[in-house]
Amino acid sequence: MPCKARHRDFYETDVLDIINNIVYLPEKVYNEFINALGREAYGVLVIKKLKKKGREIMVTKKFQDITLSALGMGTMRLPVFDGDDSKIDEAKTAEMVAYAIEHGINYFDTAWGYHSGNSETVMGKVLKAYPRDSFYLASKFPGYDLSNMDKAEEIFEKQLKKCGVDYFDFYLFHNVCEMNIDAYLDEKYGIYKYLTKQKENGRIRHLGFSIHGSYEILERFLEAYGDDMEFCQIQLNYIDWSFQNAKAKTELLNKHKIPIWVMEPLRGGKLAKLPDDVAAKLSGMRPEEEIPAWAFRFLQSIEGVTMILSGMSDFKQVQDNIKTFAAEKPLSKEEMDTLLGIADGILSKRLPCTECHYCTSHCPKGLDIPGLIKLYNEHSFTGGGFMAPMALMAVPEEKHPSACIGCRSCEAVCPQQIKISEAMSDFANKLANAKDI
């Protein structure tokens, strides 16, 4: 609903209608609204009515000299037609974006590969309806595909055209991980040089990176480019706090004073619904909170978190998330301990490898068994996904789980009595079946 309060020639009835029918406004528009009211004879009266109504707006975060909505809209899981990920429902997307903007979201995150390359195009069309300075747009260089490494300029220019913009507010090295870290750091590709040049030219306003790699990969990237990175996007939620070593990663980023952007706050939807007994325990502590909100409250409790991205795929998810982000309600120590205890329970079915490495000295094939078990746990918990196959791209074929010969020499020395050979066989079968799909 357009805000008539931007103009001086509005009537009191218009203003009261606005107050009675909206709950949220973007901060900039809200400030204009209040300033306009203050210039009117009845302004004080109307402002009192606003305060009495108990009006709430989207939580915001300061980033350098700008104000960002604490919730950003990810565009990797937009509504589609007939389950075809490449066919985005543009009308539903536009409806979701309109509601998001009206209720204070000003950050939109897309990427070259989302929705088979169509996310950038659709978001460009949808956002064309709004003034360019009313939102912040982020995209990324697709380094998850090694064939792109020598195409930084070509891809960047195409991305600007697809999105219909002259600059990106935020731009990222996408998906820094074991598979591509060497290429990202290799000067022959000139990726870093090109992107920093675009920042100097104003075509990138803020430069950062996203990472799915290990703590050690994060250290390497920061050592090379950390001085020029303005933000870092990591997979962070109360499961990955320990499972993906996110706690240590956040501590490292805070040490470098790099603001944290969050992806997968709900772990691909797995944290949106919990077993009934677990849900009941949480509801007993905060009856007013829906289960998905607990994941966001966890993130609101973590030092350094500036932007929380949620890949919303329908209108109700947008509504629910905006309702949650009308307030910042970090967890108490008791609530945090309870939530992390729940995470431990969820993860209890994973193989309990302690990385003692007794097994590796007894493996005739020289496999990195602890590393493979870690990937197996991730792949099994996620129910597939891209992370394990992507990590294995950096591992020679002869060191894959399929190389296990089932001799069980490793099992004879495993203090945790893990049936390693069975796990390697199951892992190899899951990876093979994924390729056939």
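Residues numbered from 1 in each chain as written. Predicted model: local features only at pLDDT ≥ 70, side-chain atom pairs only at ≥ 80, totals over all residues. Heavy atoms only, no water.

*Asks:* Hey, could you run me through the overall build of the chain in this one?
*Replies:* A count of helices and strands for the chain gives 18 helices and ten strands. Out of the 437 residues belonging to the chain, those deemed buried represent 50%. Within the chain, contacts between residues separated by at least 24 positions form 74% of all contacts whose residues are at least 6 apart in sequence. Roughly 21,000 Å² of accessible area belongs to the chain as shown, and the carbon and sulfur atoms make up 50% of that amount. (Helix = DSSP H or I, 4+ residues; strand = E, 2+ residues; numbered from the N terminus. Buried < 20%, exposed > 50% of the residue type's maximum accessible area, 1.4 Å probe, protein only. Contact = heavy atoms within 4.5 Å. Areas by Shrake-Rupley, 256 points an atom, 1.4 Å probe, with all protein chains shown as cover.)

*Asks:* Would you mind going over the pattern of salt bridges with me for this structure?
*Replies:* Note that side chains of opposite charge can pair when their charged atoms are close. For the structure shown, the criterion picks out 22 salt bridges. In this structure, lysine 158 and glutamate 154 form a salt bridge, with 3.2 Å as the shortest nitrogen-oxygen distance. Here the residue lysine 158 and the residue glutamate 154 both occupy positions in helix H6 (residues 152-163), the gap between them amounting to four residues, near one helical turn. Classification of lysine 158 as partly exposed rests on a relative accessible area of 40%. According to the relative accessible area criterion, glutamate 154 is partly exposed, its value standing at 42%. Put simply, arginine 267 and glutamate 378 hold a salt bridge, and the shortest N to O gap is 2.8 Å. Pair noted here: arginine 267 is in the loop between strand E9 (260-263) and helix H12 (276-285) and glutamate 378 is in helix H16 (residues 369-382), with a separation of 111 residues, a long-range link. (Salt bridge = Lys/Arg side-chain N within 4 Å of Asp/Glu carboxyl O.)

*Asks:* Please explain helix H4 (residues 90-102) as it appears in this structure.
*Replies:* Each α-helix winds once per 3.6 residues, and so residues spaced three or four apart point in a common direction. When the terminal C-alpha atoms of H4 are compared, their 18 Å separation across 13 residues agrees well with the 18 Å that a helix rising 1.5 Å per residue should span. Where H4 is concerned, the buried positions are Thr93, Met96, Val97, Tyr99, Ala100 and Ile101. Residues of H4 that are buried in the fold lie against strand E3 (71-74), strand E4 (107-109), helix H5 (119-127) and helix H14 (315-324). Two or three places before alanine 91, at the start of H4, stands the capping residue aspartate 89, its side-chain oxygen 3.2 Å from that residue's backbone nitrogen. In the segment just after H4, glycine 104 is the residue with positive phi, at about 105°. (Expected span 1.5 Å × (residues − 1). Polar contact = N/O pair within 3.5 Å; in protein donor to acceptor, adjacent residues only side chain to side chain.)

*Asks:* Looking at this model, I keep getting lost on the pairing of strand E5 (residues 136-141). Mind explaining?
*Replies:* One face of the sheet, then the other: side chains in a regular strand alternate in exactly this way. Burial analysis of E5 places six of its six residues in the buried class, the great majority of the element. Bridging between E4 and E5 involves three bridges; their strand directions are parallel. Across the sheet, phenylalanine 108 pairs through a bridge with leucine 137, a residue of E5. With H5 bridging E4 and the parallel E5, this β-α-β connection has right-handed handedness. The pairing of E5 with strand E6 (residues 168-176) spans four bridges and is classified as parallel. (Pairing = 2+ DSSP bridges. Right-handed = clockwise from strand over helix to strand, strands pointing away.)

*Asks:* Help me understand H14, please; the structure alone is not making it clear to me.
*Replies:* Residues of H14 that are buried include every one of Val318, Asn321, Ile322 and Thr324, and no others. Angularly, the buried residues of H14 cover 155° about the axis, an arc narrow enough to put them on a single face. Exposed and facing more than 90 degrees away from the buried side of H14 are Lys316 and Lys323. Buried residues along H14 sit in contact with E3, H4, helix H13 (291-299) and strand E10 (305-310). Taking the backbone nitrogen of lysine 316 as reference, a side-chain oxygen 3.1 Å away marks aspartate 314 as the first, capping residue of H14. (Arc of directions from axis to C-beta.)

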